[in-house]
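Examination of the molecular architecture
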Amino acid sequence: MPASNHRTRPARRVRMTGAQRRAQLIEVARPVFAEHGRDAASVEEIAARADVSKPVVYEHFGGKDGLYGAVVDGEVQVLLDGIRAALDDPGARSRELLERATLALLDYIEQRPDGFRILSRGSGVGQDASGSFATILSDVANQVTGLLAAEFTRRGLDARTAPLYAQMLVGMVAMTGQWWLDERRPRKQEVAAHLVNLAWHGLSGMEARPRLGR
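What this report covers is the structure whose coordinates are included nearby. (Residues numbered from 1 in each chain as written. Predicted model: local features only at pLDDT ≥ 70, side-chain atom pairs only at ≥ 80, totals over all residues. Heavy atoms only, no water.)

**Here we look at the overall build of the protein**
What the protein contains, in helices and strands, is nine helices and zero strands. In sequence order, the secondary structure elements of the protein are arranged as α-α-α-α-α-α-α-α-α. Looking at the 214 residues of the protein, the share that counts as buried comes to 39%. Looking at the protein alone, contacts between residues at least 24 apart form 65% of all its contacts between residues at least 6 apart. In the structure as shown, the protein presents an accessible area of about 12700 Å², 52% of it carried by carbon and sulfur atoms. (Helix = DSSP H or I, 4+ residues; strand = E, 2+ residues; numbered from the N terminus. Buried < 20%, exposed > 50% of the residue type's maximum accessible area, 1.4 Å probe, protein only. Contact = heavy atoms within 4.5 Å. Areas by Shrake-Rupley, 256 points an atom, 1.4 Å probe, with all protein chains shown as cover.)

**A word on the packing of helix α2 (residues 43–50) against helix α3 (residues 54–61)**
Close contact between α2 and α3 brings their axes to 8 Å; oriented N to C, the two are set at 100°. On the basis of the axis angle, α2 is roughly perpendicular to α3. Here α2 contributes V43, E44 and A47 to the contact with α3, which in turn contributes K54, V57 and Y58. For the contact of α2 with α3, the per-class residue count stands at four nonpolar, no polar and two charged. (Axes fitted to C-alpha atoms, helices over the stretch in contact; angles between N-to-C directions. Parallel < 35°, antiparallel > 145°, perpendicular 65-115°, else oblique. Nonpolar A, V, L, I, M, F, W, Y, C, P; charged D, E, K, R; others polar.)

**Remarks on the pattern of salt bridges**
Opposite charge on two side chains permits them to pair, given that their charged atoms come into close proximity. By the definition in use, this model includes 18 salt bridges. The partner of E75 in a salt bridge is R30, and the shortest N-O contact between them spans 2.8 Å. With a gap of 45 residues between them, E75 in helix α4 (residues 64–87) and R30 in helix α1 (residues 18–40) connect regions that are remote in the sequence. One exposure class covers both E75 and R30, and it is buried. (Salt bridge = Lys/Arg side-chain N within 4 Å of Asp/Glu carboxyl O.)

**Some thoughts on the packing of helix α7 (residues 133–155) against helix α8 (residues 162–183)**
Where α7 contacts α8, the axes come no closer than 7 Å and their chain directions differ by 130°. Here α7 is positioned oblique relative to α8, judged by the angle of their axes. Judged by the twist between their axes, the crossing of α7 over α8 is right-handed. Residue-level inspection shows F133, L137, S138, V140, A141, V144, T145, L148, A149 and F152 of α7 in contact with α8, the latter providing A162, P163, Y165, A166, Q167, L169, V170, A174 and Q178. For the contact of α7 with α8, the per-class residue count stands at 15 nonpolar, four polar and no charged. (Left-handed = near helix turned anticlockwise from the far one by under 90°.)

Keep in mind these values describe shape, not function.
Structure below.
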C-alpha cells in the first residue's frame, strides 16, 4: 500500500482580543520583572515567553516602561483590595482586625511572590509616584489609621497620633514580610501571630505622653 503524502497541518493559533493579549503580556512579564528588575528585563525576553513579536508589546504598552507600569498597577490593586476586604467588618474587634490585616499582607506575599518582589523594589524610573513601595505602604497604613484611632480613643490616648502608629505597624509587617519571603519559615500563621503579639501588646502598654530618657 503506497505511503500517504498527507501531512498534518500545524494547529492554528487562537487569536486573542486586545484585552486578552494585554492580560497575557502582563502575566508573562511579571516573573521577568521580578527576576531581573525593571532595568535588566528585556522586551525581547517578554515577547519570546509570550510567543509574540516585539512590536506587539509596543503596540499594547508603548514599550517596557508602559508594561512595567501596568504590572505595578495591577499588583497594587490586588494588595489594597486584600487589605480593604480584611478590614471591612464594622462589628469586628480591634485585635481581630489587626490579625486580619496582617494575614492579608502575608497572604499576598505568599500567593504573589513575584508581585511583592516587584513592589518592594520600588516603581522604577518613569513610573508614577503612586507605584513606589513607600507610597503603597502609606496607602495601606491609611486603611489601618481608622482602626487605631478608635482604639486610641477607647484607651484614652491621643487619636491624632494614630497615623504615625499605623505607619509603624505597616512598616513592621512589610519588612518582616520581605524577610519571610526568602526564609519561608516559620509558617505564615506563626509569623502573623508573632507580629500581632508585638504590635498588640506594644499598643496595650503605651503611655499617654511618651518621653525619651526615662
